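# Examining the three-dimensional arrangement
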Number of protein chains: 2
Amino acid sequence: MTHNDAPGSKIPMVVIKRLPVYQRYLSELQKKEVERISSGELAAKIGITASQLRHDLSCFGNFGQQGYGYKVDDLLFEVNKILGLDHNIYMVLIGAGNLGRAVLSYPNFLSRGFIFKAAFDQKQPPVNLNIEGILVQPVRELESYLKEQLIDIGVITTPAANAQEIADILVAGGVRGIWNFAPISLKTPENVVVEHVHISESLLVLSYQLCHKGFGRLPVSY
Amino acid sequence: MTHNDAPGSKIPMVVIKRLPVYQRYLSELQKKEVERISSGELAAKIGITASQLRHDLSCFGNFGQQGYGYKVDDLLFEVNKILGLDHNIYMVLIGAGNLGRAVLSYPNFLSRGFIFKAAFDQKQPPVNLNIEGILVQPVRELESYLKEQLIDIGVITTPAANAQEIADILVAGGVRGIWNFAPISLKTPENVVVEHVHISESLLVLSYQLCHKGFGRLPVSY
DNA sequence: CTAACTTTGTTAAAAAAATAACAATCTTTA
DNA sequence: TAAAGATTGTTATTTTTTTAACAAAGTTAG
């Protein structure tokens, strides 16, 4: 047992970014009621090497059994715990346009412990406008709302022009993380974690690949 | 001049994934009418090393001038060309729900040459339903539409249950790339490029970081 | 025009990540 | 219960990626 959970120890970001992938495949297996899986089988499904999978997991602990593999339920439980999905995470969303509604109605949030407590929009929303069971309130209520409720993550789906202002309110209101869909870099204190979703980046990568096909093999090494 | 544009040469995927970032910052500079920039300045803005920026660019050519730096216009032009943004890319979207509408109305697509030619939805759309100037047609028209129009990329924003069926129609209709937002792995021939957008992955990374804050420093190395 | 700067592209070195190898040990089968 | 087989966790090796260093070449200022 040499896994890295000591204070100050560093887990590489490349490893952390693969955890959600493991979580997804394990959830699928659990849904199919598969009981056990070996690193070789799971890695093949994901499209990586068994070595990498075992190496990644060993950053966090020893979850397998020699000669047997991993119990799907147990490994998923552990991965969920690592990702912080073993307890509820409360969120608010600001910007109830198309994108905001899409995020609010994204499936599999609830089942993973992400709970939208409220949604806000700039325009005075129609009285009792409900999206996916969430009441949409005018954004001027956000500040006072955050004083009363403990919210972990603020989700910004407003136009870029309003995003910084919203971020400031969220930070002042005590959120610890911001999931930002607005195409603008937010300025926040160091203790607030921001994840910026750049949807179009993958479209440009797709464009690149289309553009550079046909030279024998793809000029891409993964 | 030793850059890599020979047939069969391989550009690392990590490099390709940074190109959209360069594109974005360069676009911003151009909008601000900045004429020239050095690798040091640009790298600082982006948050990488100058060395890495120059190294990445050198995969594709020599775009700078010693003692001067890069002309913003020229470098953006070159990066756009590398990404295939120097000509129009025609797209159709299937699934005109909240997510589909959000994608259709995403800003900066047109300016980069991405053009939605049509949108389709499972349900019989209201007569002449227009979203962002795009007529939404019933999805049974998709197959015949693709026979008449040359479409590069199909964008799937349907529920997971319909995604594979749509992908099959797109492939049969001759699209070369699929931008898939449905949470399901698509089976496609090798010559069709698929980019799968896993929106929630970055939320899980955010959750991880929130969960592991406070041990002195973040247990994350970037 | 010259000399002092600046900045690139490239090569070399260092660091990080992925893969391979294998002892340890658990499972399965007979 | 014992032997054969399977699979992990870990260490070693290889590969990839990042960073550093620097000669070459252009710029700027006087």
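Residues numbered from 1 in each chain as written. Chains lettered and ligands numbered in written order. Predicted model: local features only at pLDDT ≥ 70, side-chain atom pairs only at ≥ 80, totals over all residues. Heavy atoms only, no water.

### Details of the overall build of chain A
For chain A, the count of helices and strands is eight helices and 11 strands. C-alpha extents for chain A along the principal axes are approximately 60 × 45 × 35 Å. Looking at chain A as a whole, 49% of its 222 residues qualify as buried. Summed over its atoms, the accessible surface of chain A is roughly 11,200 Å², and 50% of this surface lies on carbon and sulfur atoms. Averaging the locations of the 21 positively and 21 negatively charged side chains of chain A gives two centres separated by 7 Å. (Helix = DSSP H or I, 4+ residues; strand = E, 2+ residues; numbered from the N terminus. Buried < 20%, exposed > 50% of the residue type's maximum accessible area, 1.4 Å probe, protein only. Areas by Shrake-Rupley, 256 points an atom, 1.4 Å probe, with all protein chains shown as cover. Lys, Arg positive; Asp, Glu negative; His and termini not counted. Charge placed at Lys NZ, Arg CZ, Asp CG, Glu CD.)

### Structural notes on the relation of the copies chain B and chain A
The transformation that overlays chain B on chain A combines an axial shift of 0.0 Å with a rotation of 180°, and the residual RMSD is 0.0 Å. The relationship between the two copies is best expressed as a two-fold rotation axis. Scanning chain B for the C-alpha nearest the rotation axis identifies Asn-98 of chain B, at a separation of 2.5 Å. Of the interface residues in chain B, 100% have counterparts in chain A that sit at the interface too, so the contact is made through matching surfaces. (Least-squares fit on C-alpha atoms with pLDDT ≥ 70 in both. Contact = heavy atoms within 4.5 Å.)

### Considerations on unusual backbone geometry
One non-glycine residue, Asn-108 of chain A, lies in the positive phi region at around 75°. Its place among the elements puts Asn-108 of chain A in the loop between α5 (98-104) and β5 (114-121). For Asn-108 of chain A, a relative accessible area of 40% corresponds to the partly exposed category. One non-glycine residue, Glu-132 of chain B, lies in positive phi territory at about 55°. With respect to the element layout, Glu-132 of chain B can be found in the loop between β6 (130-131) and β7 (134-138).

### Description of the state of the cysteines
Going through the model one piece at a time under the given rule, you end up with zero disulfides over all chains. Note on Cys-59 of chain A: no disulfide assigned, nearest cysteine sulfur contributed by Cys-211 of chain B at a separation of 16 Å. The buried category is assigned to Cys-59 of chain A, whose relative accessible area is 15%. (Disulfide = S-S within 2.5 Å.)

### Thoughts on the protein's contact with DNA strand C
Taken together, 28 residues surround DNA strand C, and among them Ser-51 of chain A together with Ser-39, Gly-64, Gly-67 and Tyr-70 of chain B come closest. Take the atoms of DNA strand C that sit within 4 Å of the protein: sugar and phosphate atoms are 64% of them. Within the backbone of Gly-67 of chain B, one N or O atom sits 3.1 Å away from a sugar or linking oxygen of DNA strand C. Sorting the residues of the surface near DNA strand C by element identifies α1 (13-31) and α3 (50-57) of chain A together with α3 (50-57) of chain B as the ones contributing at least two each. Looking at the surface near DNA strand C, the element that brings in the most residues is α3 of chain A, giving four residues. A class-by-class count of the residues in the surface near DNA strand C yields seven nonpolar, 17 polar and four charged. (Near = heavy atom within 4 Å. Polar contact = N/O pair within 3.5 Å; in protein donor to acceptor, adjacent residues only side chain to side chain. Nonpolar A, V, L, I, M, F, W, Y, C, P; charged D, E, K, R; others polar.)

### Overview of the confidence of the model for chain A
Of all residues in chain A, 91% attain a pLDDT of 70 or more, and the chain-wide mean is 91. Considering only residues more than four positions removed or in separate chains, one finds that residues 215-222 of chain A, a stretch of pLDDT under 50, has 24 contacts. (pLDDT = per-residue confidence, 0-100.)

### Focus: the pairing of strand β7 (residues 134-138) of chain A
Residues and elements named next belong to chain A. Burial of β7 is extensive: four of the five residues sit out of reach of the surface. Judged from the three bridges that link them, β5 and β7 form a sheet pairing that is parallel. Bridging from a neighbouring strand, Phe-120 pairs with Gln-137 of β7. Both strand β6 (residues 130-131) and β7 contribute to a ladder of two bridges, which runs antiparallel. (Pairing = 2+ DSSP bridges.)

### Focus on the packing of aromatic side chains
All names here are of chain A. The final tally for this structure, using the stated rule, is 14 aromatic pairs over all chains. Grouped by ring-pair contacts, the aromatic residues Tyr-106, Phe-109, Phe-114, Phe-116, Trp-179 and Phe-181 constitute a single cluster. The ring of Tyr-68 is capped by Arg-36, whose NZ or CZ atom sits 4.1 Å from the centre of that ring. (Phe/Tyr/Trp six-rings, centres within 6.5 Å; stacked < 30°, edge-to-face > 60°. Lys NZ or Arg CZ within 6 Å of the ring centre and 35° of its normal.)

### Thoughts on the protein's contact with DNA strand D
In the vicinity of DNA strand D, 28 residues are found, and the nearest of them are Ser-39, Arg-54, Gly-64 and Tyr-70 of chain A together with Ser-51 of chain B. Near the protein, meaning within 4 Å, the atoms of DNA strand D are sugar or phosphate in a fraction of 67%, with bases accounting for the rest. The separation between a sugar or linking oxygen of DNA strand D and a polar main-chain atom of Gly-67 of chain A is 2.9 Å. At 3.0 Å, a side-chain N or O of Gln-66 of chain B approaches a sugar or linking oxygen of DNA strand D. When contributions to the surface near DNA strand D are tallied by element, the ones reaching two or more residues are α3 of chain A together with α1 (13-31) and α3 of chain B. Considering each element in turn, the surface near DNA strand D owes the most residues, four residues, to α3 of chain B. Taken together, the residues that form the surface near DNA strand D break down as seven nonpolar, 17 polar and four charged.

### Some words on the interface of chain B and chain A
At the interface, 68 residues of chain B touch 68 residues of chain A. Between chain B and chain A, the buried area comes to about 6,000 Å², and carbon and sulfur atoms account for 67% of it. The tally of links between chain B and chain A comes to two salt bridges. Of the charged contacts, one joins Glu-201 of chain A and Arg-24 of chain B as a salt bridge, the two residues approaching to 2.8 Å between their closest N and O atoms. Put simply, chain B and chain A have 16 residue pairs in polar contact (both at pLDDT 80 or more) between them. (Buried area = accessible area lost by both parts, 1.4 Å probe. Salt bridge = Lys/Arg side-chain N within 4 Å of Asp/Glu carboxyl O.)

### What about α3 of chain A?
All names here are of chain A. Three or more residues of α3 are buried, namely Leu-53, Asp-56 and Leu-57. What you see down the axis of α3 is that its buried residues fit within an arc of 95°, all on one side. The inward-facing, buried residues of α3 abut α1, α2 (39-46), β3 (70-71) and α4 (72-83). (Arc of directions from axis to C-beta.)

### Remarks on the sheet that holds β6 of chain B
Sheet strands associate in pairs through backbone hydrogen bonding, adopting either a parallel or an antiparallel arrangement. All names here are of chain B. Taken in spatial order, the seven strands of this open sheet run β6-β7-β5-β4-β8-β9-β10, and their pairing is mixed. Each end of this open sheet is capped by a strand with a single partner; those strands are β6 and β10 (193-196). Across four bridges, strand β9 (residues 177-180) lies against β10 in parallel orientation. Bridge pairing in β10 links Gly-177 to Val-193. Sitting on the sheet, helix α7 (residues 160-172) is in contact with β4 (89-94), β8 (153-156) and β9, with an inclination near 170° to β8. (Axes fitted to C-alpha atoms, helices over the stretch in contact; angles between N-to-C directions.)

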